[in-house]
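The primary structure of each chain is shown beneath.
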Amino acid sequence: MVTTKEILSSPEPILPGHAACAGCSSSLGLRYALKALGENVIMTIPACCTSVWQGPYPKSAITVPVLNIAFAAAASSASGVSAALEAKGKTDTTVLAWAGDGGSVDIGLATISGAAERNDNMIYVTYSNESYSNTGVQKSGATPPGARTTTTPFGRIGSPKNIALIMWTHHLPYVATACTSYPRDFIGKLRKAQQMKGFKFIYLLAPCAVGWRFPAEKTIEVGKLAVETGAHILWEAVDGDIELSPLSKKYRDPAKRKPLEEYLKYQGRYKGISKELVEAYQKYIDYQWSIITSLADIKK
Ligand SMILES: Cc1ncc(C[n+]2csc(CCOP(=O)(O)OP(=O)(O)O)c2C)c(N)n1
């Protein structure tokens with residue numbers, strides 16, 4: 001069996017000289033993803049940070065074939081690629097749709113839902129910087145309560161959509177959440193998904209130094225704090241059976257979680273945000289835990 005260490009020391013799938021911001025975890029996440037999935041991959045990427053930082057063809061930094069497509073079309077174009085591969089009898093190529101949270105949770109939601117309902121053969125990764133980052137950090141449907149964006153200057157009111165749970169309701173072979181600060185967990189989930197046929201979905205939390213306003217060298221630490229405070233729950237569902245991932249299991253007990261403040265204190269997007277909105281975020285987190293743990297306790 002290939003070890004994570006061997007996977008991480010495999011040839012670099014992202015070439016140097018690309019245009020990602022310092023501390024960008026979407027580029028880190030894609031580097032892990034392509035190392036995990038190997039060279040026989042075809043990607044679809046809608047308009048998002050990745051379509052910008054990869055650079056223009058033929059000087060793209062991404063070493064596998066990429067279809068750069070319209071904002072809403074990551075899943076539908078991947079469905080087309082997957083159908084073409086099937087028609088040609090090519091069963092060993094992995095189709096990877098790689099989209100931001102805006103492209104997935106908002107404008108692309110209908111196409112993901114359609115592809116998922118048809119159980120089209122692909123891995124769909126939503127890398128979430130919790131905003132429309134490349135166009136200037138506007139609020140997305142995944143922006144957490146209280147977060148300041150350029151369209152929510154006093155902090156986001158209301159709750160985000162939980163796209164991983166929305167996808168879970170589609171009865172998929174595989175649904176998981178991950179975070180770029182935990183490559184071993186993410187790589188394991190991708191490799192598990194790659195062995196399965198049908199629609200596999202992974203929601204990858206990808207902290208954004210520019211949008212969340214933290215120093216670039218804190219990217220990994222901020223992602224870890226998201227998990228350690230319970231703000232981001234790591235779980236997976238094989239054939240619908242939800243299970244907390246080992247990294248999140250201990251945080252099922254709220255007393256084991258670090259205070260939310262530990263996570264927010266690095267992030268300029270929470271600076272000066274009202275106590276009420278921070279409390280709303282905590283309430284949202286507690287509610288997510290009660291949903292996930294209740295679903296994890298149901299066995300089919
Ligand atoms: C139909 C359409 N509307 C708006 C845009 C402009 N646009 C390009 S990328 C983007 C934001 C992407 O946000 P997200 O999917 O979260 O990815 P990120 O930039 O954060 O990586 C927008 C609004 C577009 N390309 N197409």
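See above for the structure.
Bear in mind the structure is a predicted one, so any value in this text is a computation, not a measurement.

Caption draft 1: Just the packing of helix α4 (residues 74–87) against helix α6 (residues 109–117), in detail. Two numbers describe how α4 lies on α6: the axes approach to 7 Å, and their chain directions differ by 35 degrees. Residues Ala75, Ser76 and Ser79 of α4 form the contact with α6, whose participating residues are Thr111, Ile112 and Ala115. For the contact of α4 with α6, the class distribution of residues is three nonpolar, three polar and no charged.

Caption draft 2: Molecular detail of the site of the ligand. Contacts to the ligand come from 16 residues, most closely from Cys49, Gly102, Gly103, Tyr127 and Asn134. A distance of 2.9 Å is found between an oxygen atom of the ligand and a backbone nitrogen or oxygen belonging to Ser133. About the coverage of the ligand: the protein hides 70% of its 590 Å² of free accessible area. Counting residues per element, the shell around the ligand draws most heavily on helix α5 (residues 101–106), which supplies three residues. The class makeup of the residues in the shell around the ligand is seven nonpolar, eight polar and one charged.

Caption draft 3: Inspection of empty space enclosed by the protein at higher detail. Throughout the structure, instances matching the rule amount to two cavities of 30 Å³ or more. The space that makes up the largest cavity amounts to roughly 330 Å³. Those elements that provide at least two residues to the lining of the largest cavity are α7 (163–168), β6 (199–205) and α13 (275–297). Looking at the lining of the largest cavity residue by residue, the classes come out as 15 nonpolar, five polar and two charged. What the second largest cavity holds in volume is close to 30 Å³.

Caption draft 4: Representation of the environment of Ala206 in the model. Looking at where Ala206 falls in the secondary structure, it is placed in the loop between β6 and α9 (209–212). Apart from residues no more than four positions distant in its own chain, Ala206 is found in contact with Ser25, Ser26, Tyr127, Ser128, Asn129, Thr180 and Trp212.

Caption draft 5: Local environment of the pairing of strand β7 (residues 235–238). With three bridges connecting them, strand β5 (residues 174–179) and β7 associate as antiparallel partners. Within β7, the position partnered with Tyr174 by the bridge is Val238. Between β7 and strand β8 (residues 241–244), which pair antiparallel one after the other, the connecting turn spans two residues, and Asp239 there sits at a positive phi close to 50 degrees.

Caption draft 6: Region of interest: the nonpolar core. If you look at the biggest cluster of nonpolar residues, it comprises 57 residues, and the most contacted ones within it are Tyr124, Phe199, Phe201, Trp235 and Tyr263. Top contributing element to this core by residue count: α13, with eight residues. Apart from residues no more than four positions distant in its own chain, Tyr263 is found in contact with Leu205, Trp212, Val222, Leu225, Ala226, Thr229, Ala231, Arg269 and Tyr281. Core analysis: the second largest hydrophobic core is formed by 34 residues, Ile7, Ile14, Leu30 and Ala193 among them.

Caption draft 7: Structural detail: the packing of aromatic side chains. Enumeration over the complete set of coordinates arrives at seven aromatic pairs. Three or more aromatic residues link up through ring pairs in this structure, and these residues are Tyr124, Phe199 and Phe201. Across the ring face of Trp289, the terminal group of Arg257 is positioned such that the distance to the ring centre comes to 4.3 Å. Sitting over the ring of Trp212, Arg269 keeps its end group 3.8 Å from the ring centre.

Caption draft 8: Quick look at the pairing of strand β4 (residues 122–128). For β4, the buried fraction is high: seven of the seven residues fall into the buried class. Burial along β4 is two-sided: Met122, Tyr124, Thr126 and Ser128 and Ile123, Val125 and Tyr127, pointing in opposite directions, are all buried. One ladder, built from five bridges, connects strand β3 (residues 94–100) with β4; its direction is parallel. Paired with Leu96 across the two strands is Ile123, which belongs to β4. Where β4 lies against β6, seven bridges are found, and the strand directions are parallel. Pairing of Met122 across the sheet is with Phe199, part of β6.

Caption draft 9: Fine view of helix α2 (residues 25–37). In this model α2 runs 18 Å from its N-terminal to its C-terminal C-alpha over 13 residues, within 8% of the 18 Å that 1.5 Å per residue would give. By the criterion of burial, α2 is predominantly enclosed, with 12 of the 13 residues buried. Gly38 lies just past α2 and shows a positive phi near 85 degrees.

Caption draft 10: Focus on the sheet that holds strand β1 (residues 41–46). One open sheet accounts for eight strands, arranged β2-β1-β3-β4-β6-β5-β7-β8; its pairing is mixed. Bordering the open sheet on either side are β2 (66–69) and β8, each of which pairs with just one other strand. On average, each strand axis in the sheet is inclined to that of its neighbour by 20 degrees, with strand direction left out of account. Seen against the sheet, helix α8 (residues 183–194) touches β3, β4, β5, β6 and β7 and runs at an angle of roughly 160 degrees to β5. On the sheet, α13 packs against β7 and β8 and is oriented at approximately 120 degrees with respect to β8.

Rules of the game
Residues numbered from 1 in each chain as written. Predicted model: local features only at pLDDT ≥ 70, side-chain atom pairs only at ≥ 80, totals over all residues. Heavy atoms only, no water. Axes fitted to C-alpha atoms, helices over the stretch in contact; angles between N-to-C directions. Helix = DSSP H or I, 4+ residues; strand = E, 2+ residues; numbered from the N terminus. Contact = heavy atoms within 4.5 Å. Nonpolar A, V, L, I, M, F, W, Y, C, P; charged D, E, K, R; others polar. Near = heavy atom within 4 Å. Polar contact = N/O pair within 3.5 Å; in protein donor to acceptor, adjacent residues only side chain to side chain. Areas by Shrake-Rupley, 256 points an atom, 1.4 Å probe, with all protein chains shown as cover. 1 Å grid on protein atoms, 1.4 Å probe; cavity = no way out; pocket = protein on both sides within 12 Å on 5 of 7 lines; lining within 4 Å. Points joined across faces, edges and corners; volume = space filled by probe spheres on them. Pairing = 2+ DSSP bridges. Core = buried A, V, L, I, M, F, W, Y, C linked by side-chain atoms within 4.5 Å. Buried < 20%, exposed > 50% of the residue type's maximum accessible area, 1.4 Å probe, protein only. Phe/Tyr/Trp six-rings, centres within 6.5 Å; stacked < 30°, edge-to-face > 60°. Lys NZ or Arg CZ within 6 Å of the ring centre and 35° of its normal. Expected span 1.5 Å × (residues − 1).

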